[in-house]
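Report on the structure
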Amino acid sequence: RLLIQSEKLESLGRMAAGVAHEVKNPLFVIQSGLDYFGLTMNKDDEAANKTLALMDEAVQRANNIVLGLLELSRSEDFVLEPNDLNGLVDKSLVLIDHGLTEKSIYLERDLQPNIPNVLMDFHKMEQVLINLFDNAIHASPKGGTITIRTYTRRLAPVSRDEGIRHFERLREDDDVAVLEITNTGPPINDENMRKLFDPFFTTKASNEGTGLGLAVCKTIVDLHKGSIRIENIEIPEGVRVSVILKIAD
Ligand SMILES: Nc1ncnc2c1ncn2[C@@H]1O[C@H](COP(=O)(O)OP(=O)(O)O)[C@@H](O)[C@H]1O
Ligand SMILES: [Mg+2]
């Protein structure tokens, strides 16, 4: 069954890549046209300006979906190398700093000093972190807290109910590094919890989310033969995402 599933994913990926390539060029033509009209249009025509702004937003959204689809399907330029997880965290934090400040979110860093290198594609994992931080910032209330933690541990023997996927990739006794991003905020209900990783599943307004973020994260973590899980936590109430990666030895 796992084999069939991965074949299905692969053909879905090929289709996604095909669609994305076909749609990219028309979108570019439309965007160029909008830029042109933006320059030549009468600035006093409020309705026309508003329409143009809406069209601009719609094209940007379509562009984001195309980028997400391409990301979902691209795996050939993927390089696993020993890399510093804490360095990755610091680099990603620079990129999302603005979002934190905007919502007055307090950031807590709890990074294990001298954590051993993990096997990862730095650029791809950076995208994972940015997507996860983006979600955490969105879910967090104003003045909330986001905690980022890294640590190593030896995986405990997998219990049956932890699910077969965990078991397939990471073996008992593997030394792993764990990256946890926790945000304060409302819990995710059971129905949504089951769909989080589905492509296009989103609870956000259409200009705020494409529903591809976690699907991309999952695809990338799968390429690393790692695991990703999302859970509600109780004290304080919030949501935690954990990514487990293999340590490079
Ligand atoms: N930290 C989080 N707290 C609460 N809900 C979350 C969190 N991260 C993701 N979600 C839920 O998962 C959905 C899918 O996330 P994602 O795939 O990144 O797509 P998008 O962010 O575009 O909606 C979100 O719309 C949201 O409902
Ligand atoms: Mg997202």
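This structure is a prediction, so every number in the text was calculated from the model and none was measured.

**A look at unusual backbone geometry**
Between isoleucine 235 and the following residue, proline 236, the backbone shows a cis peptide bond with an omega angle of -5 degrees. Its place among the elements puts proline 236 in the loop between strand E6 (227-233) and strand E7 (238-246). Although it is not a glycine, lysine 225 adopts a positive phi angle of roughly 55 degrees.

**So, the sheet that holds strand E4 (residues 145-154)**
The five strands lie next to each other as E2-E4-E5-E7-E6, forming an open sheet whose pairing is mixed. The open sheet terminates on both sides in strands that have one partner only, identified here as strand E2 (106-111) and E6. Pairwise comparison of adjacent strand axes, ignoring direction, gives a mean angle of 15 degrees for this sheet. Judged from the nine bridges that link them, E4 and strand E5 (residues 175-184) form a sheet pairing that is antiparallel. Looking at the pairing, threonine 147 lines up with threonine 182 of E5. Across the face of the sheet, helix H3 (residues 85-102) comes into contact with E2, E4, E5 and E7 while running at roughly 180 degrees to E2. Strands E6 and E7 of the sheet are contacted by helix H7 (residues 213-223), whose axis makes an angle of about 135 degrees with E6.

**A few points about H3**
Its 18 residues place the ends of H3 26 Å apart at the C-alpha level, agreeing with the 26 Å of an ideal helix rising 1.5 Å per residue. Along H3, the helix axis deviates most sharply at isoleucine 96, where the bend reaches about 55 degrees. When H3 is considered as a whole, its buried residues turn out to be Leu85, Asn86, Leu88, Val89, Ser92, Leu93, Ile96, Gly99 and Leu100. Just beyond H3, the residue with positive phi is serine 104, at close to 50 degrees.

**Brief notes about the environment of glutamate 231**
Take glutamate 231: it is sitting in strand E6. Look at glutamate 231 and you get partly exposed, because its relative accessible area is 23%. Through-space distance from the C-alpha of glutamate 231 to that of proline 187 is 8.5 Å; in sequence the pair is 44 residues apart. Here glutamate 231 is in contact with Met193, Gly238, Val239, Arg240 and Ser242, once residues within four sequence places are set aside. A distance of 3.3 Å separates the side chain of glutamate 231 from the side chain of arginine 229, its partner in a polar contact.

**A closer look at the site of ligand 1**
Ligand 1 sits among 16 residues. The nearest are Thr202, Thr203, Lys204, Gly211 and Leu214. Threonine 203 places a side-chain nitrogen or oxygen 2.5 Å from an oxygen atom of ligand 1. Notes on ligand 1: free accessible area 540 Å², of which the protein chains cover 91%. Taken together, the elements giving at least two residues each to the shell around ligand 1 come down to helix H4 (122-139) and H7.

**Let's talk about the nonpolar core**
Most often, soluble globular proteins keep nonpolar side chains buried together rather than apart. If you look at the biggest cluster of nonpolar residues, it comprises 50 residues, and the most contacted ones within it are Leu85, Met125, Leu132, Phe133, Ile146 and Val243. Two domains each donate at least three residues to this core, and these are domain 1 (2-73) and domain 2 (81-246). Sequence-distant contacts of isoleucine 146, defined by excluding residues within four places in its chain, comprise Leu100, Ile105, Tyr106, Leu107, Glu108, Phe133, Ala136, Ile137, Ile181, Thr182 and Asn183.

**Comments concerning the packing of aromatic side chains**
One pass over the structure, following the stated rule, counts one aromatic pair. Arranged with centres 5.7 Å apart and planes meeting at 55 degrees, the rings of tyrosine 36 and phenylalanine 37 form a pair that is tilted. By relative accessible area, which is 52% here, tyrosine 36 ends up exposed. The positively charged end of arginine 149 is found above the aromatic ring belonging to tyrosine 151, 4.1 Å away from the centroid.

**Looking at the packing of H3 against H4**
The interhelical angle for the contact between H3 and H4, taken along N-to-C directions, is 35 degrees, at an axis separation of 9 Å. Of the two possible hands of crossing, H3 and H4 adopt the one that is right-handed. Packed against H3, whose contacting residues are Gly87, Leu88, Val89, Lys91, Ser92, Leu93, Leu95, Ile96, Gly99 and Leu100, the element H4 presents Phe122, Met125, Glu126, Leu129, Ile130, Phe133 and Ile137 at the interface. Classifying every residue of the contact of H3 with H4 gives 12 nonpolar, three polar and two charged.

Parameters at a glance
- Numbering of residues starts from 1 in each chain and follows the order in which that chain's sequence is written.
- As they are written, the chains are lettered A onward and the ligands numbered 1 onward, keeping that order.
- Per-residue local features of the predicted model are confined to residues with pLDDT of at least 70, and side-chain atom pairs are confined, for both listing and counting, to 80 or more; whole-chain, interface and lining totals are unaffected and use all residues.
- Excluded from the side-chain calculation are hydrogens and water; included are all heavy atoms of the structure.
- In DSSP terms, a helix is any run of H or I states spanning at least four residues, a strand is any run of E spanning at least two, and both are numbered starting from the N terminus.
- Two strands make a pair as long as DSSP finds a minimum of two bridges between them.
- Helix axes are fitted to C-alpha atoms over the stretch in contact, other axes to C-alpha atoms as well, and angles between N-to-C directions run from 0 to 180 degrees.
- Note on contacts: a residue pair qualifies if any of its non-hydrogen atoms lie within 4.5 Å across the two residues.
- Given the number of residues in a helix, its expected span is that number minus one, multiplied by 1.5 Å.
- Across the chain, bend at a residue is computed as the angle between axes fitted to the seven residues ending at that point and the seven starting from it.
- For every residue, the accessible area (1.4 Å probe, protein chains only) is compared with the maximum for its type, and the residue is labelled buried under 20%, exposed over 50%, or partly exposed between those bounds.
- The definition of a polar contact used here is a pair of N or O atoms within 3.5 Å, where within protein one atom must be able to donate a hydrogen and the other to accept one, and adjacent residues in sequence count solely through side-chain atom pairs.
- Throughout, the term near means that a residue has one or more heavy atoms lying within 4 Å of the molecule or strand in question.
- Shrake-Rupley sampling with a 1.4 Å probe provides the accessible areas, and residues are treated as covered by the protein chains on show and by no other component.
- Note on terminology: a nonpolar core comprises buried Ala, Val, Leu, Ile, Met, Phe, Trp, Tyr and Cys residues joined through side-chain atoms within 4.5 Å.
- The domain boundaries here were taken from an automatic or database domain assignment.
- By convention, a stacked pair of Phe, Tyr or Trp rings (six-membered ring in the case of Trp) has centres within 6.5 Å and planes under 30 degrees apart, an edge-to-face pair has planes over 60 apart, and any other such pair is tilted.
- Charge-over-ring placement is defined geometrically: NZ (Lys) or CZ (Arg) within 6 Å of the ring centre, and within 35 degrees of the ring normal.
- Crossings are classed by handedness, with left-handed meaning an anticlockwise turn of the near helix from the far one by less than a right angle and right-handed meaning a clockwise turn.
- Residue type decides the class: Asp, Glu, Lys and Arg count as charged, Ala, Val, Leu, Ile, Met, Phe, Trp, Tyr, Cys and Pro as nonpolar, and the leftover types, Gly among them, as polar.

Nothing here speaks to function; it is all geometry.
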